[in-house]
Amino acid sequence: MTQSVRNWLLAAPAGAWLLVMLVLPLSVVFVFSFGERAPSGGYVPAFTFEQYANLPARFTAFKNTLLLAPLGTLAALLIAYPLAYQLAVRTSNKWKTLLLVLVIVPFWTSILIRSYAWIFILGGRGIPSLLDVIGIEDMRLINTQFAVLVGIVYGYLPLMVFPIYVSLDRLDKRLLEASSDLGASPLSTFSKVTLPMSISGIATGCMLVFILLMGEFLIPALLGGGKVFFVGNALVDLFLQSRNWAYGSAVAVMLIIIMLVTVTVYMRLISRLSVQRDDAPLM
Amino acid sequence: MRIYAICVYVFLYTPIAIIALFSFSAGRSASQFEGFSTQWYGRALSNPFVMDALGNSLFVALVSASLASVLGTLAAVGLQGIRGPARALFDAIIYIAVMIPGIVIGIATLIALVTIFDVVNPWLATIWSTSEKPIRLSMGMGSLIAAHTMFTMALVIIIVRARLSGIEGALSEASADLYATPFGTFSQITLPLIAPAILAGFLLSFTFSFDDFIIAFFVAGSETTLPIYIFSSIRRGITPEVNAIGTMVMVASLILLVIAQLILRRSTKS
């Protein structure tokens, strides 16, 4: 048996599995998006762009997703960066690993259970009742955009901290000393040395969080109470409640197209940023 | 700065602590603490629906993580020696598998399999028309395992390949020069070196499958997994029973994480 035949035999089961369980189903979604809804729900073969023309009917879902996914990513970044910096640069080696593991542990427990905790905290008997005591009355937190944003940041914070930590940890700490020895202020050391050197970690973290947020269903379902819904919630509704497969497929295809476009643009932007860094003298 | 870090840890752990605290509440209300009791643990553990869902979740996670580890490792090893457009296509598909949102994987698998089953089932019925119980394909544990295996297998391929690219080459050439068979090289050189990556892939796969709600929601048919049970009981109204289940799941995954960490540390030392 030649080597190349053996390599193919090794890869064949996984390849076949991916073809049947990924490529085929995604192709079906693509084909169905040009079809029509059967009167009793389901799909009737057709070739029409009607479903795509109807997409504005679900405009709110797309608007919420495209507003809260980038906003949630940004909020997670702003909270995660100082923590990652503290862990990677300012913490002794003895405590580093333990503190990092403590950030990651919540991520290993089910996001369903962790989001559920916020129903308590933001619900009527949680923070609003505490605010009541100090005189702020009738504060509604649950089932608002704010609640969904809190849930998002809470759910995906570990995923943002980890890559930034890795990039900052690799950074040679002597560079920071050199920069301050040469008279740079802490702020310019940060903006000229630390930030550019951690751009790859920021890019990875933002991308991971953003991709997961685009398809989010659970957090808006639990904390948005049907008022703040994402494309994911629209998809559940279309496939499991109204059983409109053709229209649901068009929504799914649109979601994928938006993701591909934003991710591609984003990658271009990041690679341009890092090219600029390579051109910088002394780096 | 240090105070900031402490605040973030408080933010990360308060919700978890609250879940654990209310699981010990004696009352029926999940938002008011009415005395200490472990009754909700007893109720959860003696609830046949919970135990059924737990059993399903463990079974699906174990089978799909095992399949994903074996098939994913084989593919990662095979792909090392494959070049050209076929390899590029394979890589692109793996990339798509991890990029596509779980919810899209869920709906795509649902409509594809239901459509296929609708075509195949009448066929099967005519073939087995003589037997008393004709075989009928439907959504259930099988389709759920197949969907989870697809996604976690892609994860395993990525993890194992990263490890392989660090070691392959000189070592396996040396082994071949010393007249080891390809299988001997694999089992004595490559496999021990990539074992930690395979274990990491298995654990990641197991955790993913055990925690997954969204794919299971579409693909599990009438079967209930633990996340599906928890989601529907939250929808029905919250009782401390959900807190008790959540706390147990969290403690169990923590123990699993510690064990994995110990195994990984030992294997990297040796």
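Criteria and cut-off values
Residues numbered from 1 in each chain as written. Chains lettered and ligands numbered in written order. Predicted model: local features only at pLDDT ≥ 70, side-chain atom pairs only at ≥ 80, totals over all residues. Helix = DSSP H or I, 4+ residues; strand = E, 2+ residues; numbered from the N terminus. Rg over C-alpha atoms; globule rule 2.2 N^0.38 Å. Buried ≥ 20, exposed ≤ 12 C-beta atoms within 10 Å, placed from the backbone. Contact = placed C-beta atoms within 7 Å. Core = buried A, V, L, I, M, F, W, Y, C linked by C-beta atoms within 7 Å. Axes fitted to C-alpha atoms, helices over the stretch in contact; angles between N-to-C directions. Parallel < 35°, antiparallel > 145°, perpendicular 65-115°, else oblique. Left-handed = near helix turned anticlockwise from the far one by under 90°. pLDDT = per-residue confidence, 0-100. Nonpolar A, V, L, I, M, F, W, Y, C, P; charged D, E, K, R; others polar.

This paragraph deals with the overall build of chain A. Each helix and strand counted, chain A has 13 helices and 0 strands in total. Overall, chain A shows an N-to-C arrangement of helices and strands of α-α-α-α-α-α-α-α-α-α-α-α-α. For a compact globule of 283 residues, the expected C-alpha radius of gyration is about 19 Å, and chain A comes in at 24 Å, more than 25% above that figure. Along the first, second and third principal axes, the C-alpha set of chain A runs to 75 × 75 × 35 Å. For chain A, the residues scored as buried account for 39% of the 283 residues in total. In chain A, once contacts between residues fewer than 6 apart in sequence are set aside, the share between residues at least 24 apart is 74%.

Counting its regular elements, chain B contains 11 helices and 0 strands. What you see in chain B, going N to C, is helices and strands ordered as α-α-α-α-α-α-α-α-α-α-α. For a compact globule of 270 residues, the expected C-alpha radius of gyration is about 18 Å, and chain B comes in at 23 Å, more than 25% above that figure. Along the longest, intermediate and shortest principal axes, the C-alpha atoms of chain B span 75 × 70 × 30 Å. Every one of the 270 residues in chain B was classed for burial, and the buried ones make up 37%. Within chain B, contacts between residues separated by at least 24 positions form 78% of all contacts whose residues are at least 6 apart in sequence.

Counting residues in each nonpolar core, the largest one holds 144 residues, and the members touching the most others are A:Ala84, A:Leu235 and B:Ile107. Excluding residues within four positions of it along the chain, A:Ala84 makes contact with A:Val161, A:Ile164, A:Tyr165 and A:Leu168.

Another aspect to go through is the environment of A:Ile104. Residues and elements named next belong to chain A. Along the chain, Ile 104 falls in helix 4 (residues 93-108). Remark: the alpha-carbon pair of Ile 104 and Pro 158, spanning 54 residues in sequence, is separated by 5.4 Å. Excluding its chain neighbours within four sequence positions, the residues that come into contact with Ile 104 are Pro 158 and Phe 162.

Where the parts come together, the accessible area they lose is often given as the size of the interface. Each side of the interface is counted separately: chain A has 60 residues, and chain B has 62 residues. The biggest single contributor to the side of chain A that touches chain B is helix 1 (residues 3-32) of chain A, with 21 residues.

Let's shift gears to the packing of helix 1 of chain A against helix 6 (residues 141-167) of chain B. Their axes nearest at 10 Å, the elements helix 1 of chain A and helix 6 of chain B cross at an angle of 130°. Put simply, helix 1 of chain A runs oblique to helix 6 of chain B. In terms of crossing hand, the pair formed by helix 1 of chain A and helix 6 of chain B is left-handed. The segment helix 1 of chain A lies against helix 6 of chain B, with A:Ala14, A:Trp17, A:Leu18, A:Met21 and A:Leu22 engaging B:Ala146, B:Ala147, B:Thr149, B:Met150, B:Met153 and B:Ile157.

Moving on: unusual backbone geometry. All names here are of chain A. The residue Asn 143 is not glycine, and still its phi comes out positive at about 65°. Residue class for Asn 143 comes out partly exposed when judged on the 19 C-beta atoms lying within 10 Å of it. For Arg 243, which is not a glycine, the phi torsion comes out positive at approximately 50°.

Overall, the prediction assigns chain B a mean pLDDT of 89, with 95% of residues at 70 or greater. Quick note on the complex model: pTM equals 0.91, ipTM equals 0.90.

When the pLDDT values of chain A are averaged, the result is 89; 96% of them are 70 or greater. Note that residues 279-283 of chain A has pLDDT below 50 and, in this model, 2 contacts with residues that lie over four places away or in other chains.

Running from N to C, helix 5 (residues 111-122) of chain A and helix 1 (residues 2-22) of chain B point in directions that differ by 80°, and their axes come no closer than 9 Å. As the angle between them shows, helix 5 of chain A and helix 1 of chain B are arranged roughly perpendicular. On helix 1 of chain B, the residues touching A:Ile113, A:Arg114, A:Ala117, A:Trp118, A:Phe120 and A:Ile121 of helix 5 of chain A are B:Pro15, B:Ile16, B:Ile18 and B:Ile19. For the contact of helix 5 of chain A with helix 1 of chain B, the class distribution of residues is 9 nonpolar, no polar and 1 charged.

The subject of this paragraph is the environment of A:Ile270. Residues and elements named next belong to chain A. Positionally, Ile 270 belongs in helix 13 (residues 245-279). Classification of Ile 270 by C-beta neighbours within 10 Å gives partly exposed; the count is 17. Sequence-wise, Ile 270 and Thr 97 are 173 residues apart; in three dimensions their C-alpha atoms are separated by 29 Å.

With that settled, consider the environment of A:Ser242. For A:Ser242, the location among the structural elements is in the loop between helix 12 (231-241) and helix 13. Distance from A:Ser242 to A:Gly41, taken between C-alpha atoms, is 7.1 Å for residues 201 residues apart in sequence.

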